[in-house]
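Below, each chain spelled out in residue letters.
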Amino acid sequence: MNESPDPLLDLLHLLDLERIERDIFRGVSRSSLVPRVFGGQVAAQALVAAGRTVPDDRSAHSLHAYFLRAGDPGAPIVYTVDRIRDGRSFTTRRVVAVQHGQPIFHLSASFQTYEEGMEHQAPMPAAPDPETLPTAAEMLPRYADRFSDPGVVDRLIEARAAVDLRYVDAPPFGTVGEAREPRSQVWFRTNGKLADDPLLHVCLATYVSDMTLLDSVLLAHGRGGWAVGDVVGASLDHAMWFHRPFRADEWLLYDQESPSASGGRGLGQARIHTADGRLAITVIQEGVVRVPRA
């Protein structure tokens, strides 16, 4: 396995888009477990592009995105930003990601100046201390026999090397054939400290949010996932609301569940809490989830 000496630095470089015009940016891709660009990467890069056209005093509070076509990891991605609105409190941006002359991804994002207001939140669910849970490098080799390709474990570890992601319970590929409650929890944080840039922390949380959100759909049906080969699928759309400030280099609890699967699609919804219990983010995603044909 050829790991970078600093995977987090590699990820930060991935998100540091090249500005080729006032509202046009270019990004590159990293290798993925599947032969297409990782959806979390495109979403995070598009949010970077939007954020770089917004005044520094405005923070992202929501995004809504559609995955239109599979991205080619061997080609650059061009992000074009439309400045939809610049109001007194809110700023709205639309971003289209293009490869080979075709749109592959569409994002709308809204930013807001800070203001005081009413406060309440859902309570944080119970979860064990993340420091008591195994790391990916400790956990994944236990399930090596679940994968037909012996190289999957190394590729999974490498793909997540920039992020310390720890499952509270066994992941879908750990209980193949056993239907479970459609709920999954993971703790995550970056493997290293980050600069004090709120947009960077929001973009990194966006990147991670696409890694495990549909796990709960798989759990309900005893399926192991894409790496096992007992389902095929892809993200369709993705929405996030950023409620309170947080740091992506400090532990965040990703509490995920699936209320529905039908018509070849599965829905995941989640809340992300800080370690001290503040509700930081709400996430909803729908994806294609199909059983492979014989």
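Since we're looking at a predicted model, the values are computed, not measured.

Caption draft 1: Fine view of the environment of Thr 190. Within the fold, Thr 190 resides in strand β8 (residues 183–190). The spatial distance from the C-alpha of Thr 190 to the C-alpha of Leu 8 is 7.2 Å, given a sequence separation of 182 residues. Once you skip the residues sitting within four places of it in the chain, Thr 190 turns out to touch Leu 8, Ala 162, Val 163, Asp 164, Leu 204, Ala 248 and Asp 249. Within polar-contact distance, the side chain of Thr 190 engages the backbone oxygen of Gly 192 at 2.8 Å.

Caption draft 2: Quick look at the pattern of salt bridges. In this structure the tally under the stated criterion is 18 salt bridges. With its nearest N and O atoms 3.0 Å apart, the salt bridge here joins Glu 119 to Arg 244. On the criterion of sequence distance, the pair formed by Glu 119 in the loop between β6 (102–113) and α3 (136–139) and Arg 244 in the loop between β9 (232–242) and β10 (252–262) is long-range, its members being 125 residues apart. Classification of Glu 119 by relative accessible area gives exposed; the value is 62%. We classify Arg 244 as buried; its relative accessible area is 16%. In this structure, Lys 193 and Asp 249 form a salt bridge, with 3.6 Å as the shortest nitrogen-oxygen distance. Note that Lys 193 is positioned in the loop between β8 and α5 (198–212) and Asp 249 in the loop between β9 and β10, a separation of 56 residues in sequence. Given the relative accessible area of 61%, Lys 193 is considered exposed. Overlapping salt bridges bring together Lys 193, Asp 196, Arg 247 and Asp 249 as one network.

Caption draft 3: Expanded view of the UniProt feature "domain: Acyl-CoA thioesterase-like N-terminal HotDog" (unreviewed entry) in the protein chain. Under the UniProt annotation, the feature "domain: Acyl-CoA thioesterase-like N-terminal HotDog" (unreviewed entry) is placed at residues 36–112. Helix makes up 17% of residues 36–112 and strand 53%, and the two end C-alpha atoms of the span are 33 Å apart.

Caption draft 4: Main features of α5. Most of α5 is tucked away: 13 of the 15 residues are buried. Where α5 starts, the residue carrying a side-chain oxygen 3.1 Å from the main-chain nitrogen of Leu 199 turns out to be Asp 197.

Caption draft 5: A look at the sheet that holds β9. The twelve strands are arranged β1-β2-β4-β5-β6-β3-β9-β12-β11-β10-β8-β7 in an open sheet whose pairing can be described as antiparallel. Taken across any chain shown, the strands that pair with only one partner, and hence form the sheet edges, are β1 (18–21) and β7 (163–167). Across the sheet, the mean angle from the axis of one strand to that of its neighbour is 25 degrees, orientation sign disregarded. Of the strands in this sheet, β2 (24–27), β3 (58–67), β4 (77–86), β5 (90–99) and β6 are in contact with helix α2 (residues 39–51), which crosses β6 at around 50 degrees.

Caption draft 6: Highlighting the packing of aromatic side chains. Inspection of every chain in the model, using the stated rule, returns six aromatic pairs. Ring geometry for Tyr 143 against Phe 173: centres 5.7 Å apart, planes inclined by 75 degrees, an arrangement best described as edge-to-face. Taken together, the residues Tyr 143 in the loop between α3 and α4 (152–159) and Phe 173 in the loop between β7 and β8 connect sequence positions 30 residues apart. What makes Tyr 143 buried here is its relative accessible area of 13%. Given the relative accessible area of 7%, Phe 173 is considered buried. Taken together, a centroid distance of 6.1 Å and an interplanar angle of 70 degrees make the contact between Phe 188 and Tyr 254 edge-to-face. Here Phe 188 is found in strand β8, whereas its partner Tyr 254 is found in strand β10, with 66 residues between them in sequence. Classification of Phe 188 as buried rests on a relative accessible area of 1%. A residue is classified by how much of its surface remains accessible, and Tyr 254, at 0% relative accessible area, is buried. Through a chain of ring-to-ring contacts, three or more aromatic side chains come together here, namely Tyr 143, Phe 147 and Phe 173.

Reading the values: the criteria
- In every chain, residue numbers begin from 1 and rise along the written sequence.
- Confidence filtering applies because this is a predicted model: local features only for residues at pLDDT of at least 70, side-chain atom pairs given and counted only at 80 or more, and all residues used for totals across whole chains, interfaces and linings.
- The side-chain quantities take in all heavy atoms of the structure and omit both hydrogens and water.
- The helix and strand labels rest on DSSP assignments: H or I over at least four residues marks a helix, E over at least two residues marks a strand, and numbering proceeds from the N terminus.
- Residue contacts are counted whenever heavy atoms from the two residues lie within 4.5 Å of one another.
- N or O atoms within 3.5 Å of each other form a polar contact, as long as, within protein, one can give a hydrogen and the other can take it, and as long as residues adjacent in sequence are counted only when both atoms are side-chain atoms.
- The rule for a salt bridge is simple: a side-chain nitrogen of Lys or Arg has to be within 4 Å of a carboxyl oxygen of Asp or Glu.
- Only protein chains enter the calculation, and the probe is 1.4 Å; a residue is then buried if its accessible area is under 20% of its type maximum, exposed if over 50%, and partly exposed in between.
- UniProt positions are given in the numbering used here, feature names are shortened, and annotations may be inferred rather than shown by experiment.
- One requirement defines pairing of two strands: DSSP has to find at least two bridges between them.
- Interaxial angles span 0 to 180 degrees and are taken between N-to-C directions of axes, which are lines fitted to C-alpha atoms, for helices over the stretch in contact.
- Pairing of aromatic rings covers Phe, Tyr and Trp, the last through its six-membered ring, and needs centres within 6.5 Å; plane angles under 30 degrees mean stacked, over 60 mean edge-to-face, and all others mean tilted.

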